[in-house]
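# Survey of secondary and tertiary structure
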Protein chains: 2
Amino acid sequence: MLKYKEIAQDLRDKIVNGIYKVNEQLPFEREMSIDYDVSRITIRKAVDLLVAEGLIVKRRGSGTFVKDINDDEAIEIAMKKQFLGFSTTHSDHKVKSKIIKFKIVNPDEKIANKLKIGTDEFIYHVERIRYSDNIPYVMEKTFMPITLIPGLQKKNLESSVYDYIENVLKLKIQSSHRTIRADVPTEKEQKYLKIDRYLPVLEVEQVAFLSNGQAFEYSISRHRSDKAEFKMINIKE
Amino acid sequence: MLKYKEIAQDLRDKIVNGIYKVNEQLPFEREMSIDYDVSRITIRKAVDLLVAEGLIVKRRGSGTFVKDINDDEAIEIAMKKQFLGFSTTHSDHKVKSKIIKFKIVNPDEKIANKLKIGTDEFIYHVERIRYSDNIPYVMEKTFMPITLIPGLQKKNLESSVYDYIENVLKLKIQSSHRTIRADVPTEKEQKYLKIDRYLPVLEVEQVAFLSNGQAFEYSISRHRSDKAEFKMINIKE
DNA sequence: TAGTGGTCTAGACCACCGG
DNA sequence: CGGTGGTCTAGACCACTAA
């Protein structure tokens, strides 16, 4: 384990467990560098991780402080870190997936463009409904090139595709580009999500990339708007 | 100007202007540290800024490369940097604001809690409609403590409140916490946004903080879903 | 194997904040 | 004014990638 990650985790634990309380000042960087027996730069790297997560703030000339956020907001921080893989956000409930479609096809122009491949290549076309405690909450269409993600099977779709990619194929997921919109549900969505035409859907369009820079997934997730909301923390600069 | 910010801006320009093209490799860190005559750590800090913006990717053992994203996605990067202040996203159109309400009141429990003040303190209560090219696209409710933002006037609301806060009051905006949802428009919103009851709204609830850690604004923006979408780039770790 | 980015050190000086 | 976090240096070694 890397030093700065260990220190970050230690500080994170101390905040979550209330050892460092809301609005309380953390030890100074130079103090911590002695306490943890590392250089000040290593401390700063650890602290900056928590700043990016929105847990603490630094004030030049004053010190570093635990941010005054509500308790339920602390949860979103964990979500933010594991931003890929959706089942984690419902981890305290029973999450199931029903597979509506699982085919290998050629992509249309739009999908080929998003995945930066040709229309003559082959891709998986997957459609799933996700249930939390037996209530449907999202309908997903996913498109992945078979050359990048070989050997995908139905059982992988029922649990987590990301598990398969990271743990079986040993590929690393690096980033995702997302667009969020609101829309009216289609008739098909009304049926599968068990909603009427007056409940909007929250659409998340995503392209996800591996650490080698290749786009491995294009997906469109349409969430029941009474079951979904997205939280984020923005830090200026 | 700081060295790492200058270098970051130089690299950003070279990417935007096509001097470094899509998928092209950037000079190595050790090369750049000689070219720019700075230490390698300073180069890394500059490069890491662009990584966070989603413009480039680094691959250990290989090098640093310009990310293969679509042209229109480059725009969102500029948006991301100036994440506060909404008029910037419509900068190429005529943006106007109509003020529906501008009062000083006591906050209810919910608002007081979000702003971390008492219900006996005073706040501005502002409601505005924003127009782009004379088409209404968002209705905003904004609540700000008068002690933090003194002297706010109607003219500040017509242009940008953030300008007033940063340039007149000389306060620094540091972060914001946002929640995004989809919802059905109220009758009032249908009227002001000129939409029917079947067009959903995209709601953004926001608490914004100053660099001293105080919450200075709680706002709810409800966007016409045919005019608004939110883009973001997520980098793992 | 050679060369990349990733981590880490032990300093130094600067800009800013509070008393 | 002393002490904070912010920037910057000139090294060193490690983990990983590609040829």
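Note that the structure is a prediction, hence the values are computed from the model and not measured.

This part is about the overall build of chain A. Summing up its helical and strand segments, chain A has 8 helices and 9 strands in all. Considering chain A as a whole, with its 237 residues, one finds that 48% of them fall into the buried category. In the form shown here, chain A has an accessible surface area of approximately 12,200 Å², with 50% of it arising from carbon and sulfur atoms.

Okay, empty space enclosed by the protein next. Applying the stated criterion across every chain yields a total of 1 cavity of 30 Å³ or more. When its volume is computed, the largest cavity comes out at roughly 60 Å³. In this structure, the largest cavity is lined by Val184(A), Arg197(A), Tyr198(A), Leu199(A), Pro200(A), Val184(B), Pro185(B), Arg197(B), Tyr198(B), Leu199(B) and Pro200(B). Broken down by class, the residue content of the lining of the largest cavity amounts to 9 nonpolar, no polar and 2 charged.

Looking now at the protein's contact with DNA strand C. Around DNA strand C, a shell composed of 26 residues is seen, among which Lys3(A), Tyr4(A), Ser39(A), Thr42(A) and Arg44(B) lie nearest. Atoms of DNA strand C within 4 Å of the protein: sugar and phosphate make up 67%, bases the balance. A distance of 2.6 Å separates a phosphate oxygen of DNA strand C from a polar atom in the side chain of Ser39(A). Contacts to DNA strand C include Gly61(B), whose backbone N or O atom sits 3.2 Å from a base oxygen. Per-element accounting of the surface near DNA strand C gives the leading share, 4 residues, to helix H3 (residues 40-53) of chain A. In the surface near DNA strand C, the residues fall into 6 nonpolar, 8 polar and 12 charged.

To continue, consider the domain arrangement of chain A. Domain assignment breaks chain A into domain 1 (3-68) and domain 2 (86-230). On a C-alpha basis, the centres of domain 1 of chain A and domain 2 of chain A stand 36 Å from each other.

Turning next to the UniProt feature "domain: HTH gntR-type" (unreviewed entry) in chain A. Per the UniProt annotation, the sites labelled "domain: HTH gntR-type" (unreviewed entry) are residues 1-69 of chain A. For residues 1-69 of chain A, the helix share is 51%, the strand share is 12%, and the end-to-end C-alpha distance is 29 Å.

How big an interface is tends to be reported as the loss of accessible area on association of its parts. Taken together, the contact between chain B and chain A spans 44 residues of the former and 44 residues of the latter. At the boundary of chain B with chain A, total buried surface from both sides reaches about 4,100 Å², with 51% on carbon and sulfur atoms. It is His177(B), Asn234(B) and Lys236(B) in chain B that bury the most area against chain A; as a group they hold 16% of the surface buried on that side. Along the contact surface separating chain B from chain A lie 4 salt bridges. Measuring nitrogen to oxygen at the nearest pair gives 2.7 Å for the salt bridge that ties Glu229(B) to Arg181(A). In this assembly, chain B and chain A are joined by 14 residue pairs in polar contact (both at pLDDT 80 or more). Residue assignment for the side of chain B that touches chain A shows that the elements contributing at least two residues are strand S1 (56-59), strand S6 (173-183), strand S7 (201-210) and strand S9 (230-235) of chain B.

Take unusual backbone geometry next. Residues and elements named next belong to chain A. One non-glycine residue, Asn-23, lies in positive phi territory at about 70 degrees. Assignment of secondary structure puts Asn-23 in the loop between helix H1 (3-16) and helix H2 (29-35). On the basis of relative accessible area, Asn-23 is assigned to the partly exposed category, the value being 47%.

Most of strand S6 (residues 173-183) of chain A is tucked away: 9 of the 11 residues are buried. Where S6(A) lies against strand S7 (residues 201-210) of chain A, 10 bridges are found, and the strand directions are antiparallel. When the bridges of S7(A) are listed, Arg181(A) appears paired with Glu203(A). Here 6 bridges tie S6(A) to S9(B), and the two strands are oriented antiparallel to one another. Counterpart to Ser175(A) in the pairing with S9(B) is Ile235(B).

Let's shift gears to the protein's contact with DNA strand D. Close to DNA strand D lie 26 residues; Arg40(A), Lys3(B), Tyr4(B), Ser39(B) and Thr42(B) are nearest. Atoms of DNA strand D within 4 Å of the protein belong to the sugar or the phosphate in 66% of instances, the rest to bases. A distance of 2.6 Å separates a phosphate oxygen of DNA strand D from a polar side-chain atom of Ser39(B). Here a sugar or linking oxygen of DNA strand D sits 3.0 Å away from a polar atom, N or O, in the side chain of Arg60(B).

Here is what the cut-offs are and how they apply
- Residues numbered from 1 in each chain as written.
- Chains lettered and ligands numbered in written order.
- Predicted model: local features only at pLDDT ≥ 70, side-chain atom pairs only at ≥ 80, totals over all residues.
- Heavy atoms only, no water.
- Helix = DSSP H or I, 4+ residues; strand = E, 2+ residues; numbered from the N terminus.
- Buried < 20%, exposed > 50% of the residue type's maximum accessible area, 1.4 Å probe, protein only.
- Areas by Shrake-Rupley, 256 points an atom, 1.4 Å probe, with all protein chains shown as cover.
- 1 Å grid on protein atoms, 1.4 Å probe; cavity = no way out; pocket = protein on both sides within 12 Å on 5 of 7 lines; lining within 4 Å.
- Points joined across faces, edges and corners; volume = space filled by probe spheres on them.
- Nonpolar A, V, L, I, M, F, W, Y, C, P; charged D, E, K, R; others polar.
- Near = heavy atom within 4 Å.
- Polar contact = N/O pair within 3.5 Å; in protein donor to acceptor, adjacent residues only side chain to side chain.
- Domains from an automatic or database assignment.
- UniProt positions renumbered as here; feature names shortened; annotations may be inferred.
- Contact = heavy atoms within 4.5 Å.
- Buried area = accessible area lost by both parts, 1.4 Å probe.
- Salt bridge = Lys/Arg side-chain N within 4 Å of Asp/Glu carboxyl O.
- Pairing = 2+ DSSP bridges.

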